[in-house]
Amino acid sequence: MAERNWMYNGWHYGSAPSDEWIEKTNMFLDHAFSIPDLVQDGSIKCPCGRCRNYMRHTRDIIEAHLCKFGFKENYETWTAHGEEHIRNNEPLSPLAHEEGFDQPDRMDEMLLDIGAVQPPGIDEEPTSSASAFYRMVDGANESVHDNTMHTSLSAIARLLALKSEYNMSIAHYDDTLQLIHELLPPDSKLAEDFYHSKKLLQGLGMTYIKIDVCYNNCMLYYKENEHKDKCDFCNTPRFEDGQNKVPRKVLRYLPITDRLQRLYAHEETAKAMQSHKQSTCGKLVHPCDGEAWQQFDIDFPTFGRDARNVRLAISTDGFTPFNIGAAPYSCWPVFVSPLNLPPGVLLKPEYIFLSLVISGPEHPGKKLSILMQPLVDNLFKLWEGVETWDASRKERFNMRAAFLWSVHDCPAYGNFAAWSTHGIFGCPTCLCDTQAFRLRNGGKACWFDCHRRFLPRDHEFRFQANAFRKNTVVLDEAPRILKGEEVRDQMYAHVADRNNYGKTHNWTHVNCFWQLPYFHKLLLPHNIDVMHNEKNVAEAIWNTCFDIPDKTKDNVKARQDLVDIYNRPSLHLDLKGNGKWHKPRAAFCIDKNDKTIILKWFQDLKFPDGYVANIRRGVNLLRRRIFGLKSHDYHIFIERLLPVAFRGFLPENIWVCLAELSFFYRQLCAKELSKDVVHSLEQNVAVLLCKLEKIFPPGFFNLMQHLIVHLPREAHLGGPVLARWMYPYER
C-alpha cells in the first residue's frame, strides 16, 4: 500500500486543501468510479468524515463533502473502494502512535467510529450483539436536520453525557429536550425524551447491575441469597425502615465482557489488541516482555496461542467524593484494564473500565473480597470464553480473558491480597520470613539492617559487626519467594489462627481471586505501587534532610532508639547542665542558611509546561518548607531535582548515595528497560539500601524503604513500571 499521509496532512478544517491533496483526491475518485461493482446509479460510498462510508453520493457531492469534512480517520486502506482488507500481519496502523490519543475522548465520535467498521459483503456474519450495535449506529446515521453535522446518535450521546456530568434529573433532561425541539425545524430527527434517548443507545449493551449489600459488608444479596431480607452474619435488615423496600447499601456492578467485545468491534483497535505478538525488540517495553506474561503462556498454551485473548489488570483505591468539610465517607471504585494494547495507548483513560462501585461510608477492609465476587464470577466466564466478532479479521472467535495482576497502594494491597501490610510482617513479598522489629521508643515497625541478607554471601557489609546493628554479623540468606501453591497452602493453614495474627503471620482472610483456576500459577499477582513508593521515600528524604519538625524521621524518639540499636555515639542525645536534652546535628541534615539557598533555587526554577506543578508557589522561606507537593512532584524531585538541589550542601558520601538512589528510580521508571539494566538493579539494590542504613537512623526505614529491594524483581517479571503503577488510575 502506497504512502497516504497526504489524505490527512494536506487537509485542515476551515482551510483550503493543498494542491497535492486535490490532485490525489481526484485520482482516488477516478479509481473508485472506474470499478463497476462499486458504482450504483452513478454513486459510490462517500468516505468523508461525516458520511464515513455509510451514505452513497454522486461524484460532485463527494467532492464537496471531502473538501468540507476531509477523509474519515484511519482510512489509508480503501476497503470500501476496491482495495482488499489486509490481514493482521500488516504493520500496525498509526493508531498506536498518533497524537489524537492524547486528546479528550468524545463519545459521539467514538460511537460513530466504532460503527464505521461494519464491512459490506462479508461471508461470516457478526455476532448478535455486534450486529445490534452496528444496526444502532447505522439506523441513527441520519442528520438531525439538513443544516447540521450532528446525527441523532451523536446529539443524544452528547446530551446524555451532559446529564451525567451535571447530575441532571430526568425531568430536567426532558424539559431541555422539549426546548431544543421548539428551536429545531419541525421535521428534525431527535429523540423526544429520556426514554427514547436510552432506547436509541440500547444497542451498546453496556448496562450495570445493582446488587444489594449488607450494611456492614458481610454478604451480597446475590445468587442464592437474592431474596433474603436480613444478613446471615450480623442480622442487619436488608432494607430501610418503612413501607418502600429501599436497600440500606447497594453495590453497582458493570460487567466487563461487553466492553472487551467492543474493542474487537473496531478494526484498528482489534489490530492493536493483537500487536503484543510482534514485540521482538529484546527489551522490556510492554508487559508481554516480562516473565510473568511469558510464563502464563507456557503454563496455559491454548490461551497464549491466540493473541486476541485478553490479559487484565485490576486496581482499586478509596477516595472521598465529598469536600473535606463533609462527614467522612469512603467510596471504592474498582477498575479493569486490558494489557494487550500497545505501549502508546496502554492504560489511556478510554481503556480503563469501571467495573465496581463500592459505596461507603466506611472502607471495606478485608470484606473487599466479598464485594468483588461478581467480578470474579465474570472472570470465570471469560476464562471459558465468549463468542466475539473480530472486525480486523472479519470473523467470529472465542475471546478468553485472564486476570494477570493487580495494582494498589499499600493499604489497598493488603485488603486485596488478604495479607495485612501493617506490623513487622507487613512485607507482602517476604511474608513470614522477615527480620523486621518494633522500635522500643518509636513504637513502629522497623526494617533497619534487614537488607544485608540480600547481599552476596561474601560481601564485606555482611561481616561489618558495628557498621549496622551493634555487634551483628549477618549470615542469613535472602527470604525465598514462595510459589503460588505454597502461598495458597500457607494462607489456608494460618488464616483461621487469629491468636497468632501479627505474631507468626498476617493473613486476614481468603482472597476471592484464589477461586480462579489459574491464580496459583501467576508469578506476579500483585504489584508494589512505584508511584506511592517514590512519593513516600522522597518525602522522607526531604523531611529528614531539612529536619522539618513533626515530619522528620530523625526525631527525639529516633535518637533514643539509636542508642539501643546503632553504635553511633556522636548522634546520642546530650543532657545539658540546665536539665534539657540537646540533639546533635546529623551529617545528613542541611544547615539553616543552606536551606534558604535551596528554597530560593526552587523559587527560580522553571519547567516546561505540563512537566510538573508550579513548585515555586509552595515555597515558604519563613518556615523553610515547601507546601502542597503531590505524588508527581515527588516523582520529579527524586528522579531529577534531588541530586542537583542537595549537591554541595551534604557530605560527598551522603550526596553520592542519594544520587545513586535517584538514578535507581530513573532507570526503573524508564519507558524501555534493558534486561541487563534490570539484572544490574537486582544485584545492586541491596547494596544501595545498606549504604542508606549507614547514613540514616533506624526510624527512617519503614515498610516503604524496605519495598525498594523488591522493585527490580517485579520489573523483571512485569516489564515497565508504566503499566504497573497508580498514576493512570488515580488521574
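Residues numbered from 1 in each chain as written. Predicted model: local features only at pLDDT ≥ 70, side-chain atom pairs only at ≥ 80, totals over all residues. Heavy atoms only, no water.

1. Focus on the overall build of the protein
Then step 1. If you tally the helices and strands in the protein, you get 25 helices and 17 strands.
Then step 2. Scaling as 2.2 N^0.38, a compact globule of 731 residues should have a C-alpha radius of gyration of about 27 Å, and the protein matches this with 30 Å.
Then step 3. Along the first, second and third principal axes, the C-alpha set of the protein runs to 105 × 70 × 55 Å.
Then step 4. Counting the 731 residues in the protein, one finds 52% classified as buried.
Then step 5. Relative to all contacts within the protein whose residues are 6 or more apart in sequence, the contacts with residues 24 or more apart total 65%.
Then step 6. Entry remark: accessible area of the protein is about 34,900 Å², with carbon and sulfur atoms responsible for 51%. (Helix = DSSP H or I, 4+ residues; strand = E, 2+ residues; numbered from the N terminus. Rg over C-alpha atoms; globule rule 2.2 N^0.38 Å. Buried < 20%, exposed > 50% of the residue type's maximum accessible area, 1.4 Å probe, protein only. Contact = heavy atoms within 4.5 Å. Areas by Shrake-Rupley, 256 points an atom, 1.4 Å probe, with all protein chains shown as cover.)

2. Thoughts on the nonpolar core
Then step 1. Formed by 156 residues in total, the largest nonpolar core has its most connected members in Phe 513, Phe 602 and Phe 646.
Then step 2. Here this core gets 9 residues from one element, more than from any other, and that element is helix α21 (residues 652-668).
Then step 3. In terms of nonpolar packing, the next biggest core, distinct from the first, is built from 19 residues, Ile 44, Cys 48, Cys 51 and Leu 66 among them. (Core = buried A, V, L, I, M, F, W, Y, C linked by side-chain atoms within 4.5 Å.)

3. Some points on the pattern of salt bridges
Then step 1. Taken as a whole and judged by the stated rule, the model has 26 salt bridges.
Then step 2. The salt bridge partner of Arg 59 is Glu 63, with a shortest N-O separation of 3.1 Å. Pair noted here: Arg 59 and Glu 63 are both in helix α3 (residues 59-69), with a separation of 4 residues, about one helical turn.
Then step 3. Accessibility expressed as a relative area gives 24% for Arg 59, which makes it partly exposed.
Then step 4. Between Asp 564 and Arg 440 there is a salt bridge; the shortest N-O distance is 2.6 Å. Taken together, the positions of Asp 564 in helix α18 (residues 556-565) and Arg 440 in the loop between β11 (437-438) and β12 (445-446) put the pair 124 residues apart, joining distant regions of the chain.
Then step 5. Take Asp 564: its relative accessible area is 41%, and that puts it in the partly exposed class. (Salt bridge = Lys/Arg side-chain N within 4 Å of Asp/Glu carboxyl O.)

4. So, the packing of α21 against helix α24 (residues 711-718)
Packed helix pairs are specified by the crossing angle of their axes together with the interaxial distance, meaning the distance between the axes.
Then step 1. Contact geometry of α21 with α24 gives a least axis separation of 11 Å together with a crossing angle of 15 degrees. Taken as axis vectors, α21 and α24 run roughly parallel relative to one another. Seen along the crossing, α21 lies across α24 with a hand that is left-handed. Contacts between α21 and α24 pair Phe 664, Tyr 665 and Leu 668 from the former with Leu 711, Pro 712 and Ala 715 from the latter.
Then step 2. In terms of residue class, the contact of α21 with α24 is made up of 6 nonpolar, no polar and no charged. (Axes fitted to C-alpha atoms, helices over the stretch in contact; angles between N-to-C directions. Parallel < 35°, antiparallel > 145°, perpendicular 65-115°, else oblique. Left-handed = near helix turned anticlockwise from the far one by under 90°. Nonpolar A, V, L, I, M, F, W, Y, C, P; charged D, E, K, R; others polar.)

5. A word on the sheet that holds strand β13 (residues 526-528)
Then step 1. On the basis of which strands lie adjacent, the open sheet formed by 7 strands has the order β3-β4-β7-β6-β5-β10-β13 and mixed pairing. Across the chains shown, the open sheet's two edge strands, defined by having one partner strand only, are β3 (209-212) and β13. Going across the sheet, the axis of each strand differs from the next one's by a mean of 20 degrees, ignoring polarity.
Then step 2. Pairing of β3 with strand β4 (residues 250-253), which is carried by 4 bridges, proceeds in the antiparallel orientation. Opposite Asp 212, over in β4, you have Val 250 as the bridge partner.
Then step 3. Strands β3, β4, β5 (310-316), β6 (332-338), β7 (353-358) and β10 (401-408) of the sheet are contacted by helix α14 (residues 373-384), whose axis makes an angle of about 145 degrees with β10. (Pairing = 2+ DSSP bridges.)

6. Description of the confidence of the model for the protein
Then step 1. Averaged over all residues, the pLDDT of the protein equals 87, while 91% of them reach at least 70.
Then step 2. Here residues 86-122 scores under 50 on pLDDT; set against residues more than four positions off or in separate chains, the count is 77 contacts. (pLDDT = per-residue confidence, 0-100.)

7. Considering the pairing of β7
Then step 1. The pairing of β4 with β7 spans 3 bridges and is classified as antiparallel. Looking at the pairing, Leu 251 lines up with Ile 358 of β7.
Then step 2. Direction of pairing for β6 relative to β7: antiparallel, over a ladder of 5 bridges. Bridge pairing links Pro 333 to Val 357 in β7.

8. Let's talk about the packing of helix α17 (residues 530-545) against α21
Then step 1. Interaxial distance between α17 and α21 falls to 12 Å at its minimum, and their mutual angle equals 165 degrees. Considered as vectors, α17 and α21 are oriented roughly antiparallel to each other. The two elements α17 and α21 cross, and the hand of that crossing is left-handed. Facing α17, whose interface residues are Val 530, Asn 533, Glu 534, Val 537, Ile 541 and Cys 545, α21 presents Leu 658, Leu 661, Tyr 665 and Leu 668.
Then step 2. Its residues assigned to classes, the contact of α17 with α21 shows 8 nonpolar, 1 polar and 1 charged.

9. Digging into the environment of Glu 534
Then step 1. Within the secondary structure, Glu 534 is located in helix α17.
Then step 2. The residues contacting Glu 534, other than those within four sequence positions of it, are His 635, Ile 638, Glu 639, Tyr 665, Cys 669 and Trp 725.
Then step 3. A distance of 2.6 Å separates polar atoms of two side chains, one belonging to Glu 534 and the other to His 635. (Polar contact = N/O pair within 3.5 Å; in protein donor to acceptor, adjacent residues only side chain to side chain.)

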